[in-house]
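What follows is the residue order along each chain.
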Amino acid sequence: MTSQKVRPGFDDEYQSWQEKTNRVVQRFDGFEGTELYPPGVGDENEWVVVFRFSHLDQLTAWLDSTARRELLDEERPLLEEEPTQEVLAGAAPAEEAAVTAVISHEVLPERQEDFERWQEKVLEAQREFPGFMGSEMFRPVQGVQDNWVVAFRFDTREHLDAWLRSGRREKLLEEGRNYFASFDVRKVGSAFSGWFRFEEGTKEGIPPNWKQAMTVVLALYPTVMVLNLTVGFELGKFGVPDFFGLFISNVCSVAILTWLLMPVVTRAFDRWLAPSGPRSLRFHMAGVAVVLLCYGLLLVLFGLTTHD
């Protein structure tokens with residue numbers, strides 16, 4: 001995972017450079033995919049990129065390659081400072097996580113055991129905060145990375161920020177500074193990431209949340225309507241209580257969205273959801289118009305079929 005602060009006004013150039021990098025890295029053995037996370041609000045124009053490889057030695061071959069060094073030389077004029085990098089060996093994609101924070105620690109060599117015990121105390125404290133979904137610690141990778149990296153997940157950005165700004169964490173950091181010389185925090189995430197699957201290595205980013213929301217509604221509305229007209233009607237005939245019938249309908253709708261409709265909608269709108277490069281406002285608005293047209297057609301369809 002790499003993090004870079006792009007100079008103001010150079011976002012388009014950086015994304016073009018990232019496209020070129022993605023085309024190059026796809027030629028390396030073991031490459032599985034790339035994910036690009038644009039800056040969030042208040043993130044100081046910091047872009048985060050995740051490169052996934054099957055094995056550590058294949059990742060190392062990419063990191064040490066002449067092709068990558070040449071790409072880094074091209075990137076430097078676009079950045080405010082040198083990019084940072086963490087290797088998360090053995091990590092599995094956290095597809096259901098809404099927001100992930102990755103913290104890199106420069107641990108003092110003589111305090112590594114103390115750092116591990118301190119990290120256990122941090123985990124205990126995190127478990128008491130709303131929205132905490134789990135944590136994983138990655139030890140240094142010899143010859144690749146010296147820092148200790150901790151990744152933890154929360155269900156929303158608000159819950160993550162509540163932990164990061166809490167007095168409880170601040171007290172723990174005061175203690176932790178006895179064990180590490182420095183640390184760096186980065187946040188990545190997306191509200192609907194579990195419903196969006198793109199071909200590995202072909203897309204440079206995740207869709208913005210407003211696009212995700214529009215396409216989720218496009219699949220959700222017909223799902224709910226059809227379930228109300230079928231499952232809901234049949235349950236009502238058998239006298240099933242409304243609260244239990246609604247639960248069954250929700251289970252069915254989530255299953256249909258996850259494994260049936262969202263993959264179809266994602267494939268249909270993939271160029272608009274995550275274009276391969278910078279696009280004009282007209283391109284994005286054209287996609288909005290198509291989605292709105294689909295909304296209108298669904299409203300007409302169900303209006304005619306449910307009209308008394």
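Along each chain, residue indices are assigned from 1 in the same order as the chain's sequence is written. The predicted origin of the model limits local features to residues at a pLDDT of at least 70 and limits the giving and counting of side-chain atom pairs to 80 or more, whereas totals for whole chains, interfaces and linings rest on all residues. In computing side-chain properties, one takes all heavy atoms of the structure into account and sets aside hydrogens as well as water.

A.B. asks: Give me the lowdown on helix α8 (residues 242–268), citing residues and values where you can.
C.D. replies: A residue's bend is the angle separating two fitted axes: one through the seven residues that end there, the other through the seven that start there. In this description a helix means any DSSP run of H or I spanning at least four residues, a strand means any run of E spanning at least two, and both kinds are numbered starting from the N terminus. Residue L257 marks the point of greatest curvature in α8, where the axis turns by about 50 degrees. Exposure categories follow from relative accessible area, calculated using a 1.4 Å probe and restricted to protein chains: below 20% of the type maximum is buried, above 50% is exposed, and the middle band is partly exposed. Every buried residue belonging to α8 is among G245, S249, S253, L257, M262, V265 and T266, and all of these are buried.

A.B. asks: Got a sec to walk through the pairing of strand β2 (residues 31–37)? Specific residues and values, please.
C.D. replies: Summarising burial for β2: five of the seven residues are buried, a large majority. Both β2 and strand β3 (residues 46–53) contribute to a ladder of six bridges, which runs antiparallel. Following the sheet pairing, G33 is matched in β3 by R52. Here the rule is simple: two strands pair whenever DSSP picks up at least two bridges between them.

A.B. asks: Lay out the nonpolar core in plain terms, naming residues and giving numbers.
C.D. replies: Residues F115, W118, F152, F154, L160 and W163 are the most contacted members of the largest nonpolar core, which totals 21 residues. Only β5 (99–107), α4 (112–126), β7 (148–154), α5 (157–164) and α6 (167–176) provide two or more residues apiece to this core. The residues contacting W163, other than those within four sequence positions of it, are V122, A125, Q126, F129, F152, F154, R168, R169 and L172. Each nonpolar core is a collection of buried residues, namely Ala, Val, Leu, Ile, Met, Phe, Trp, Tyr and Cys, held together in the definition by side-chain atoms within 4.5 Å. Membership of the second largest hydrophobic core comes to 19 residues, among which are V24, W47, V49 and V141. Pairs of residues are marked as contacts when any of their non-hydrogen atoms sit within 4.5 Å.

A.B. asks: Can you explain helix α2 (residues 56–63)? Please cite residues and give values.
C.D. replies: Within α2 the residues assigned to the buried category are Q58, L59, W62 and L63. Looking straight down α2, one finds its buried side chains confined to an arc of 140 degrees; they lie on one side. Its buried side turned inward, α2 meets α1 (11–25), β3, α3 (66–75) and β4 (84–85). Working note: the arc is built from the helix axis to C-beta atom directions.

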